[in-house]
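Each chain, letter by letter, is given below.
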Amino acid sequence: MSRGPPAPARASAARPTSMTNRPPRTRIRLGTEPRSSRARRARLDLRTALVGSTVGHMDRIADVWGPRTPHGKGTVWPARVDEYLADGLSEDEVDRWVPSACVLCSNGCGCDIAVKDGRMVGVRGRATDVVNHGRLGPKGLYGSTPWASSPDRLTRPLVREAGQLVETDWDTAMGRVVEVSRRLLAEKGPLTHGFYSTGQLFAEEYYVLGVIGKAGLGTPHMDGNTRLCTATSAAAFKESFGADGQPGSYTDVEHCDALFLYGHNMAETQTVLWMRVLDRTRSPDPPVVVCVDPRRTPVAVEAERTGGVHLAPRVGTNLALMNGLTRELFANGWVDERWVRDHTLGVEELRGIVEPYTPEVVARTCGVDADDLRRAARIFGESRDVLSTVLQGFYQSHQATASAVAVHNLHLLRGLIGRPGSGVLQMNGQPTAQNNRECGADGDLPGFRNWENPRHVGELAELWNVDPLTIPHWAPPTHAMQIFGYAEEGSIGLLWVVGTNPAVSMPESARIRRILGGDQCFVVVQDLFLTETARLADVVLPAAGWGEKTGTFTNTNRVVHLSEKAVEPPGEARSDLEIFLMYADAMDFRDRDGAPLVPWREPEEVFDAWREASRGRPVDYTGLTYARLRGPTGIPWPVTEHAPDGTDRLYHDGVFPTRTDECETYGHDLLTGAVVTEQEHRAMRPDGRAFLKGAHHTPPHEEPGPEYPMLYTTGRTVYQFHTRTKTGRSPSLRAAAPDAWVELSEVDAARLGVSEGDVVRVESPRGAIEVRARVGRVRPGTVFAPFHYGSWDLDDADPEHQHRQANELTMTVWDPVSKQPYFKTAACRVVRVRGGDGPAPAPTTAASAPVGGGVPGTSGGAPTTTRLTDTPGYPDDPAVDAAGGTGGR
Amino acid sequence: MHLATYVGLAHRSERTLAESLRVVGEGHARHPDVLFTCRTLAGFSDDHVRQLEPVARRYGEQHGGDVEEPDRLHAAGLAEVRSGPVGLLRDLQDLHVLGTLVLTTWTVINQAAQGLRDHELLSIARSASGQTSRQLSWLNTRMKAAAPQALIVAP
């Protein structure tokens with residue numbers, strides 16, 4: 001077994017035999033002309049480039065998406081291999097390439113980790129991988145490896161002694177955890193234990209954590225920070241289709257005629273998927289793009305370029321907009337009545353709900369132009385194939401689940417689902433969020449099982465050989481915000497935080513700091529670094545990260561990758577799996593027959609156990625093994641006897657997992673979150689039909705008033721990930737977005753007397769920040785703040801006064817169904833504090849671009865290389881089929 | 001005709017439910033889902049009170065005190081909330097009792113509307129019953145989720 005794919009320059013000689021050997025597909029076709037001189041130079045490079053040659057040393061801070069490889073509709077996305085090596089190393093100086101996939105967004109790009117002298121020194125995209133066809137984005141290139149050898153890694157456990165965290169050994173640290181755990185279990189039972197995990201671990205680790213919590217301890221209080229990023233995606237799937245599971249595929253990009261992006265600044269959040277889109281929109285036959293976003297993002301610009309529409313609704317009014325679009329489908333006869341009759345339930349109720357949302361009503365509520373709404377609806381109603389993607393602009397905003405479900409409704413009303421080019425991509429925020437949803441370490445049972453279905457719970461009880469009553473299933477597993485509520489009141493006495501930084505990432509930070517730092521709850525933090533959260537813990541456990549351990553994970557469109565261990569973790573740091581096993585051993589969890597409940601030692605053994613747990617469920621892994629995953633590409637589930645090479649898209653037959661005995665949930669009232677009972681569900685006889693569900697728009701929980709006259713919303717920048725634990729330790733990324741800022745519209749800036757770079761104070765009823773202002777492209781009346789910036793890298797940080805942390809201002813409030821906190825609906829006021837000494841530290845390359853001139857462009861990334869290579873055949877790619885290839889199924 | 005007695009009862013009990021939902025929501029505002037959902041559900045009851053106006057004009061409305069069948073069970077509503085997790089549970093349970101009174105009131109009105117072949121009243125009664133069921137479903141969902149923690153481990 002060779003470690004990883006061959007170097008791209010030699011790709012055709014050494015391409016794995018399972019891939020189709022085809023003539024080079026790469027064609028350098030130039031679409032609509034880019035305008036900057038840099039882009040012109042890149043074009044010249046492309047024009048003269050030969051397949052297999054280096055396009056050039058690229059600064060991927062300045063050139064976020066790299067050179068275009070435009071191609072026609074229905075043809076395979078050409079391969080392009082991006083690579084970064086630290087310290088000027090060349091490929092032949094690399095000792096080993098270790099196969100993995102990138103974990104710096106939810107896209108899950110296949111890549112190989114470069115190892116030199118036992119250290120990770122860079123990454124290279126895998127040309128053969130179905131997800132990225134060789135590409136990597138700036139975060140993946142620059143941010144994947146530098147953190148690992150950062151001098152401030154945690155290398156020994158810490159315990160709190162006389163108020164201070166001090167180094168200790170594993171026995172002492174784990175001994176303290178076990179002592180508290182045993183005491184609480186003896187005193188009050190398992191409801192005293194809470195786990196708040198992440199979207200960063202591997203499937204094996206989530207599964208073991210799930211078994212420990214659900215069958216070992218028996219606590220329902222397990223959730224992940226996936227609640228903050230992806231809970232609405234899962235909830236919306238369950239409401240519409242009966243179970244979680246991404247219906248669409250990235251290959252839909254090549255086939256769609258229209259592309260709708262709802263609250264999804266894909267250009268910054270999933271840069272490689274955006275490259276895939278750009279390679280279609282810059283071709284001679286581009287799809288029309290429609291963008292729903294309160295900022296003029298690169299997506300909005302592309303919408304205008306392709307003759308589409310940019311709708312910038314007032315923050316908090318997404319559902320009114322969606323109801324308006326839905327009404328237009330009914331009003332203009334764009335509904336496929338027959339398909340709707342055969343494959344859905346609830347059309348008449350939905351028609352009634354959306355009836356009042358005329359374009360004029362929506363225009364008033366959302367602050368958009370009625371004709372723009374009509375135009376967007378017409379594009380949806382009249383395009384042959386439509387792909388929709390959704391992200392945090394919907395998930396973290398008011399009426400999140402109802403709005404995400406409304407996207408499904410549009411597709412269901414036209415029957416646009418399950419065929420190439422027609423699908424939905426409800427995106428994830430994090431690389432392994434999907435696995436937390438699948439494996440049961442968050443608010444779900446493993447294998448998309450229904451906690452209200454005794455047979456589903458019985459299957460798990462049998463698998464784990466425990467009493468079904470051990471597995472808490474009297475109510476939905478406790479969501480993150482409620483877990484913190486219980487920790488606040490002290491009824492959760494042990495809170496174990498794994499691989500996440502709630503002190504920065506959760507809403508209303510001051511409250512979260514109080515909960516974590518208080519005496520009412522014993523806090524364990526397991527992480528790579530001494531994060532803002534770890535500083536408040538009672539015990540800190542040093543963890544190994546990506547590349548320092550082996551495991552699998554699954555990206556947004558269900559593609560499973562195996563990530564192999566490349567190097568040893570530093571000092572005494574241990575993998576999250578080893579840490580969980582250590583706890584399970586110390587607690588001596590047993591099954592019904594007295595055998596160890598958690599018998600596994602190696603990741604592969606756990607994977608095999610998880611695979612059995614997935615058998616027969618929509619998320620079926622039964623055809624996957626580590627050996628299968630060591631091939632040239634990741635594989636999308638379900639992978640079964642019937643689909644041995646995986647499944648590119650779901651629901652091609654229009655049959656959904658809604659049968660009462662099969663579904664993951666009986667559903668909820670989208671307005672209140674009240675559960676639908678089993679009897680009610682059975683009485684509807686869904687029997688494989690999808691649900692059309694609607695709700696009325698209601699005003700957001702906090703609206704601007706005289707005291708706080710503006711709307712406050714938070715989000716990301718292309719160069720940072722989460723609380724910058726990894727990206728903040730990459731010199732190139734750090735320099736590109738070094739500090740916090742807020743964005744104001746030109747109109748508001750003028751009214752407030754604020755110029756580019758001035759220091760402003762932004763206040764909500766809950767807190768304030770003082771940062772520099774970018775006069776930018778946000779909708780008038782709205783303030784945008786990036787949420788990445790805490791205090792771990794500030795020397796003078798006062799823990800009680802976080803002057804740049806966006807969540808100081810946000811509200812403790814969540815969606816009634818998905819329980820996802822709303823980060824994007826608060827009221828605020830802005831006051832100018834003093835003049836600045838230069839422009840705001842906001843990047844200029846994407847949505848944060850300044851309105852005015854005079855701000856130097858963001859650049860200065862270390863050199864990377866980009867090569868055009870032969871484009872291999874990709875398994876299950878419908879474009880291969882269309883061209884008569886043999887690679888697809 | 002005694003329908004007026006039930007129109008009065010619906011009016012009174014819906015108003016009591018709306019007021020009590022607001023009291024419970026504000027009183028337990030540290031649970032934001034309770035605060036905001038109670039407000040939304042109170043809005044349902046406000047709507048029903050409004051919808052009753054034309055009915056009351058047509059059939060009249062009799063209130064407790066001067067009617068032939070005076071109230072024996074006094075559902076006075078919640079003027080203040082209890083504290084703590086068990087207090088929340090009890091308050092939600094009281095709301096559920098009030099909601100049940102509202103629901104059965106609409107059931108009775110619905111029956112009369114059928115006998116009268118009164119399409120307008122029938123439509124109001126049906127829609128109000130549906131909305132009241134949603135109120136009860138949420139209360140039930142929230143109580144089920146809160147009960148174990150409140151009864152077993154709350155301080």
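The structure displayed is predicted, hence computed values, not measured ones. (Residues numbered from 1 in each chain as written. Chains lettered and ligands numbered in written order. Predicted model: local features only at pLDDT ≥ 70, side-chain atom pairs only at ≥ 80, totals over all residues. Heavy atoms only, no water.)

*Asks:* What am I meant to see in the overall build of chain B here?
*Replies:* A tally of regular secondary structure across chain B gives 4 helices and 0 strands. Listed by position from the N terminus, the elements making up chain B come as α-α-α-α. Here chain B has a C-alpha radius of gyration of 17 Å; the compact-globule value for 155 residues is 15 Å, and the two agree. Considering only C-alpha atoms, chain B reaches an extent of 55 × 30 × 20 Å along its principal axes. Here chain B holds 155 residues, and the buried ones make up 46% of them. When contacts within chain B are restricted to residue pairs at least 6 apart in sequence, those whose partners lie at least 24 apart make up 80%. (Helix = DSSP H or I, 4+ residues; strand = E, 2+ residues; numbered from the N terminus. Rg over C-alpha atoms; globule rule 2.2 N^0.38 Å. Buried < 20%, exposed > 50% of the residue type's maximum accessible area, 1.4 Å probe, protein only. Contact = heavy atoms within 4.5 Å.)

*Asks:* I keep staring at the packing of helix α11 (residues 318-331) of chain A against helix α14 (residues 359-366) of chain A and nothing clicks. Help me out?
*Replies:* The geometry of a pair of packed helices is captured by two quantities: the angle between their axes and the separation between those axes. All names here are of chain A. Viewed as axis vectors pointing N to C, α11 and α14 meet at an angle of 165°, and their least axial separation amounts to 9 Å. Comparing their axes, α14 and α11 come out roughly antiparallel. In this structure, α11 crosses over α14, and the sense of that crossing is left-handed. Here Ala 320, Leu 321, Gly 324, Arg 327 and Glu 328 of α11 come into contact with α14, specifically with Pro 359, Val 362, Thr 365 and Cys 366. Looking at the contact of α11 with α14, its residues break down into 5 nonpolar, 2 polar and 2 charged. (Axes fitted to C-alpha atoms, helices over the stretch in contact; angles between N-to-C directions. Parallel < 35°, antiparallel > 145°, perpendicular 65-115°, else oblique. Left-handed = near helix turned anticlockwise from the far one by under 90°. Nonpolar A, V, L, I, M, F, W, Y, C, P; charged D, E, K, R; others polar.)

*Asks:* I tried to follow the pattern of salt bridges on my own but got confused; where do I start?
*Replies:* As a working rule, side chains carrying opposite charge can pair if their charged atoms are close by. Residue and element names in this part refer to chain A. According to the stated counting rule, one finds 81 salt bridges over all chains in the structure shown. Of the charged contacts, one joins Lys 73 and Asp 257 as a salt bridge, the two residues approaching to 2.7 Å between their closest N and O atoms. Taken as a pair, Lys 73 in the loop between β1 (54-59) and β2 (80-85) and Asp 257 in the loop between α7 (231-241) and β10 (258-262) lie far apart in primary sequence, 184 residues in all. Overall, Asp 257 belongs to the partly exposed group, its relative accessible area being 22%. The network of salt bridges with shared partners includes Arg 724, Arg 734, Asp 739, Arg 772, Asp 793, Arg 804 and Asp 837. (Salt bridge = Lys/Arg side-chain N within 4 Å of Asp/Glu carboxyl O.)

*Asks:* Is there a simple way to explain the interface of chain A and chain B in this structure?
*Replies:* The parts lose accessible area when they come together, and the size of an interface is often stated as this lost area. Between chain A and chain B, the contact holds 24 residues from the first and 23 residues from the second. At the junction of chain A and chain B, the tally comes to 2 salt bridges. Ionic pairing is found between Asp669(A) and Arg134(B), a salt bridge with its closest N-O pair at 2.5 Å. With 5 residues, the single largest contributor to the side of chain A that touches chain B is helix α20 (residues 480-489) of chain A. A breakdown of the residues in the side of chain A that touches chain B according to their chemical character gives 11 nonpolar, 9 polar and 4 charged.

*Asks:* Would you mind going over unusual backbone geometry with me for this structure?
*Replies:* Residue and element names in this part refer to chain A. Of note, the amide linkage connecting Trp 637 to Pro 638 takes the cis form, showing an omega dihedral of 0°. Positive phi, close to 55°, is recorded for Glu 508, a residue that is not glycine. Along the polypeptide, Glu 508 turns up in the loop between α21 (502-505) and α22 (509-517). In this structure, Arg 558 takes a positive phi of about 70° despite not being glycine. Considering the arrangement of structural elements, one finds Arg 558 in the loop between β19 (551-554) and β20 (559-563).

*Asks:* So what exactly am I meant to see when it comes to the sheet that holds β20(A) here?
*Replies:* Think of a sheet as strands paired side by side through backbone hydrogen bonds, with each pair either parallel or antiparallel. Residue and element names in this part refer to chain A. A sheet is described by the order of its strands in space; here 3 strands give the open sequence β19-β20-β21, paired in antiparallel fashion. Looking at the sheet topology across the chains shown, the edges are occupied by β19 and β21 (635-636). Sheet analysis places β19 next to β20, joined by 4 bridges and oriented antiparallel. In the strand pairing of β20, Phe 553 is matched with His 561. (Pairing = 2+ DSSP bridges.)

*Asks:* When you look at the confidence of the model for chain A in this model, what are you seeing that I'm missing?
*Replies:* Low pLDDT marks stretches whose predicted atomic positions should not be read closely. Residues and elements named next belong to chain A. Considering every residue of chain A, the mean pLDDT works out to 92; 93% of them sit at 70 or more. Here residues 1-50 scores under 50 on pLDDT; set against residues more than four positions off or in separate chains, the count is 86 contacts. A low-confidence stretch, residues 882-889 stays under pLDDT 50, and its non-local contacts, those more than four residues away or across chains, total 26 contacts. (pLDDT = per-residue confidence, 0-100.)

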